[in-house]
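Structural overview
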Amino acid sequence: MAETRLPRNPKPQEWLAKDHSLQYIADYKPFNFVDGEGVRCSLYVSGCLFNCPGCYNKAAQNFHYGQPYTQDLEDQIIEDLSQSYVQGLTLLGGEPFLNTQVCLKLVKRVRKEFGHEKDIWSWSGYTWEELMKESSDKLELLHYLDILVDGRFLLAKKDLTLQFRGSSNLFKRGKWLFGISLFIRGENDGKNLEERASMVREKTSTSSSAAITVLDFTWSRRMGRSLAKENNWCK
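Here we look at helix H2 (residues 71-81)
All buried positions along H2 are accounted for by Leu73, Glu74, Ile77, Ile78, Asp80 and Leu81. Within H2, the buried residues cover an arc of 160 degrees as seen down the axis, which keeps them to one side. On its buried face, H2 is in contact with strand E1 (24-32), strand E2 (39-45), strand E4 (86-92) and helix H3 (100-114).

Set out below in C-alpha cells:
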C-alpha cells in the first residue's frame, strides 16, 4: 500500500517571511459568513510551504499568485471593516505567518482604527507550540490575534462536519483583552499548565499579573463554538 504523504514540518525559524514572501494577495472577500464568527472581511495572502495534501486553496501556495498588496486595497479593507455589522478581519492563505510584512501592517492599522471593537482571526499551518519557537515577526503577529486556528490540514482526518476546521487535528485558540485563554489538547497536569502560562507571558509580553486561563475543551459541532469542559477550568 502506498505511503500517505504528509505536510512538510519545518524546523524552528527555518522558514522566514523575509526570505519567501513577495507580498502578494490571492484574494480579498469582504462581508462573508464562512471565515469565522459573524460578518467578516477575509484577506487571503499568497504563499505557503506546508504543502498539505488535499489543500482546498492549492493555487495560493504559490508566493507569486494573485496580485501585490497595495495601499488602496488596505484602505478598502479598513473602509469595509468600518461597517457596524462587520465583526472583524480574517487572515488566511496561503500562510499568514509567512507573509508577516503584509499581515502586520494590516493588523496594526486595524487596531489603530478600531481598537478591539473588531476581532482578528487567522488560520495557520503552524501550531501554537511551533509559533512559540518562531521568529519575532511571527510572535508579533500572534500577539495581535484574537483567534488562531492552528495546525496542518491532514487529509486522513478530514471532517466536513466541523465548523472553521477542515480536519479534526486543527485547533481553535482564543486570546482576550483582559487576559489570555489557551485551548490545549488532552489532559494536562498543573506543571504543564504553569509552564505554558509562563511561556505565554514571556513570548507575548503579557504582564505577570494578567490572568491566564488554560483549559481543555470540546468542540460543539451544532453551535460551532469552543466550550470548556464542565469543572475543568485550570487557573
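Structure shown, so let's carry the discussion forward.
Things to note about the packing of aromatic side chains
Applying the stated rule across the entire model yields 4 aromatic pairs. The interplanar angle of 55 degrees and the centroid separation of 5.8 Å between the aromatic rings of Phe31 and Tyr85 together place this pair among those described as tilted. Here Phe31, found in strand E1, pairs with Tyr85, found in the loop between H2 and E4; they are 54 residues apart in sequence, far enough to count as distant. When its relative accessible area of 32% is taken as the criterion, Phe31 is described as partly exposed. Here Tyr85 falls in the partly exposed class, since its relative accessible area comes to 48%. The rings of Trp15, Phe50 and Tyr126 are connected pair by pair, giving a single aromatic cluster. Lying across the ring of Phe114, Lys118 places its NZ or CZ 6.0 Å from the centre.

Here's the deal with the confidence of the model for the protein
Mean pLDDT for the protein: 75, with 63% of residues reaching 70 or above. In the model, residues 162-173 has pLDDT below 50 throughout and makes 66 contacts with residues more than four positions away in sequence or in other chains.

Considerations on the pairing of E4
The buried fraction of E4 is high, at 6 of 7 residues. With 4 bridges joining them, E4 and strand E5 (residues 119-124) adopt parallel strand pairing. Each bridged residue has a counterpart across the sheet, and for Leu91 the counterpart in E5 is Ser122. On the question of chirality, the crossover connecting E4 to the parallel E5 by way of H3 is right-handed.

A closer look at the pattern of salt bridges
Considering all chains together, one arrives at 10 salt bridges under this definition. One connected set of salt bridges, linked through shared partners, spans Glu74, Asp75, Lys105, Arg109 and Glu113.

Conventions used here
- Residues numbered from 1 in each chain as written.
- Predicted model: local features only at pLDDT ≥ 70, side-chain atom pairs only at ≥ 80, totals over all residues.
- Heavy atoms only, no water.
- Buried < 20%, exposed > 50% of the residue type's maximum accessible area, 1.4 Å probe, protein only.
- Helix = DSSP H or I, 4+ residues; strand = E, 2+ residues; numbered from the N terminus.
- Arc of directions from axis to C-beta.
- Contact = heavy atoms within 4.5 Å.
- Phe/Tyr/Trp six-rings, centres within 6.5 Å; stacked < 30°, edge-to-face > 60°.
- Lys NZ or Arg CZ within 6 Å of the ring centre and 35° of its normal.
- pLDDT = per-residue confidence, 0-100.
- Pairing = 2+ DSSP bridges.
- Right-handed = clockwise from strand over helix to strand, strands pointing away.
- Salt bridge = Lys/Arg side-chain N within 4 Å of Asp/Glu carboxyl O.

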